[in-house]
Amino acid sequence: MFEITNSEQIKDAINQNQVSLFYFSGENCSVCKVLKPKIEEEITKNFPKIKLYEIKTDIYKELTSQFTVFSIPTTIIFFEGKEFKRYGRTMSIPLFLEEIKRPYDLMGE
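Just so you know, these numbers come straight off a predicted model, no measurement behind them.

Undergrad: Would you mind going over the pattern of salt bridges with me for this structure?
TA: Opposite charge on two side chains allows them to pair when their charged atoms are near. Overall, the coordinates contain six salt bridges when judged by the stated rule. Among the salt bridges present, the one from Glu3 reaches Lys56, with a minimum N-O distance of 3.5 Å. Of this pair, Glu3 sits in strand 1 (residues 2-3) while Lys56 is found in strand 3 (residues 51-56), placing the two residues 53 residues apart along the sequence. For Lys56, a relative accessible area of 21% corresponds to the partly exposed category. Salt-bridge contacts for Asp105 lead to Lys101; the nearest nitrogen and oxygen are separated by 2.6 Å. One end of the pair, Asp105, and the other, Lys101, are both in helix 4 (residues 93-106), four residues apart, so they sit about a helical turn from each other. On the accessibility criterion, Lys101 (44% relative accessible area) is partly exposed.

Undergrad: When you look at helix 2 (residues 30-46) in this model, what are you seeing that I'm missing?
TA: An α-helical turn contains 3.6 residues, so any two residues separated by three or four positions project in the same direction. Between its first and last C-alpha atoms helix 2 spans 25 Å; for 17 residues at 1.5 Å apiece the expected length is 24 Å, and the two agree. When we look at burial in helix 2, the residues that qualify are Cys32, Leu35, Ile39, Glu42 and Ile43. Where the residues of helix 2 are buried, they touch strand 2 (19-25), strand 3, strand 4 (74-79) and helix 4.

Undergrad: Before we go on, may I ask you to explain the pairing of strand 5 (residues 82-87) in this structure?
TA: Side-chain positions along a regular strand alternate between the two faces of the sheet. Summarising the sheet, strand 4 and strand 5 pair through five bridges and their orientation is antiparallel. Looking across to strand 5, one finds that Phe78 is bridged to Glu83. Here strand 4 folds back onto strand 5 in antiparallel fashion, the turn holding two residues, of which Glu80 has a positive phi close to 50°.

Undergrad: Which parts of the structure should I look at to understand the packing of helix 2 against helix 4?
TA: Helix-helix packing is characterised by the crossing angle of the two axes and by the distance between the axes. Contact pair helix 2 / helix 4: the axes reach a minimum separation of 11 Å and the direction vectors enclose 35°. The handedness of the crossing between helix 2 and helix 4 is right-handed. In contact with Leu35, Lys38, Ile39, Glu42, Ile43 and Asn46 of helix 2, helix 4 contributes Ile93, Phe96, Leu97, Ile100 and Tyr104. Across the contact of helix 2 with helix 4, the residue classes break down as eight nonpolar, one polar and two charged.

Undergrad: What is the right way to look at the sheet that holds strand 1 in this model?
TA: Strands pair in a sheet through their backbones, by hydrogen bonds, and they do so in one of two ways: parallel or antiparallel. If you trace the five strands from one edge of the open sheet to the other, you get 1-3-2-4-5, paired in mixed fashion. Because the sheet does not close on itself, it has two edges, and the strands there are strand 1 and strand 5. Against the sheet, helix 2 engages strand 2, strand 3 and strand 4, with an angle of about 165° to strand 2. With respect to the sheet, helix 4 is in contact with strand 2, strand 4 and strand 5, its orientation differing from that of strand 5 by roughly 165°.

Undergrad: Please explain the environment of Met107 as it appears in this structure.
TA: Here Met107 shows up in the segment after helix 4. Every residue in contact with Met107, bar those within four places of it in the chain, is listed here: Gln18, Val19, Lys49 and Phe79.

Undergrad: How do you make sense of the packing of aromatic side chains when you look at a structure like this?
TA: A ring pair, where both rings are aromatic, is described by two values, the distance of the centres and the angle of the planes. Throughout the structure, instances matching the rule amount to nine aromatic pairs. Centre to centre, the rings of Phe22 and Phe78 are 5.7 Å apart; their planes meet at 90°, and the pair counts as edge-to-face. A residue pair is termed long-range when its members are at least 10 positions apart, and Phe22 in strand 2 and Phe78 in strand 4 qualify at 56 residues. Over the ring of Tyr104 we find Lys49, and its NZ or CZ is 5.7 Å from the ring centre.

Criteria and thresholds
- Residues numbered from 1 in each chain as written.
- Predicted model: local features only at pLDDT ≥ 70, side-chain atom pairs only at ≥ 80, totals over all residues.
- Heavy atoms only, no water.
- Salt bridge = Lys/Arg side-chain N within 4 Å of Asp/Glu carboxyl O.
- Helix = DSSP H or I, 4+ residues; strand = E, 2+ residues; numbered from the N terminus.
- Buried < 20%, exposed > 50% of the residue type's maximum accessible area, 1.4 Å probe, protein only.
- Expected span 1.5 Å × (residues − 1).
- Contact = heavy atoms within 4.5 Å.
- Pairing = 2+ DSSP bridges.
- Axes fitted to C-alpha atoms, helices over the stretch in contact; angles between N-to-C directions.
- Left-handed = near helix turned anticlockwise from the far one by under 90°.
- Nonpolar A, V, L, I, M, F, W, Y, C, P; charged D, E, K, R; others polar.
- Phe/Tyr/Trp six-rings, centres within 6.5 Å; stacked < 30°, edge-to-face > 60°.
- Lys NZ or Arg CZ within 6 Å of the ring centre and 35° of its normal.

Have a look at this one:
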């Protein structure tokens, strides 16, 4: 995952990629640390066109507030510049993968 450090990087990631995934995490968040490698592995394996980004909420508080993220981890997926889905702390990886499969497949080249 590429670490986002400013608003310009967020805008570029959303506008320059067909699909962007933003993972909001915290340094002292045990759930964040467990979930992150699972998401990275599954996305890389099943959806190679999705670009992965991480925003550390404890360091970049204003970026976190721009997305109105109130709990961590939070995962937000953008398809073609629009927020598609937001997943909170207790997300199911199989359900997550199932929900993004159809729009991902419809993207085409």
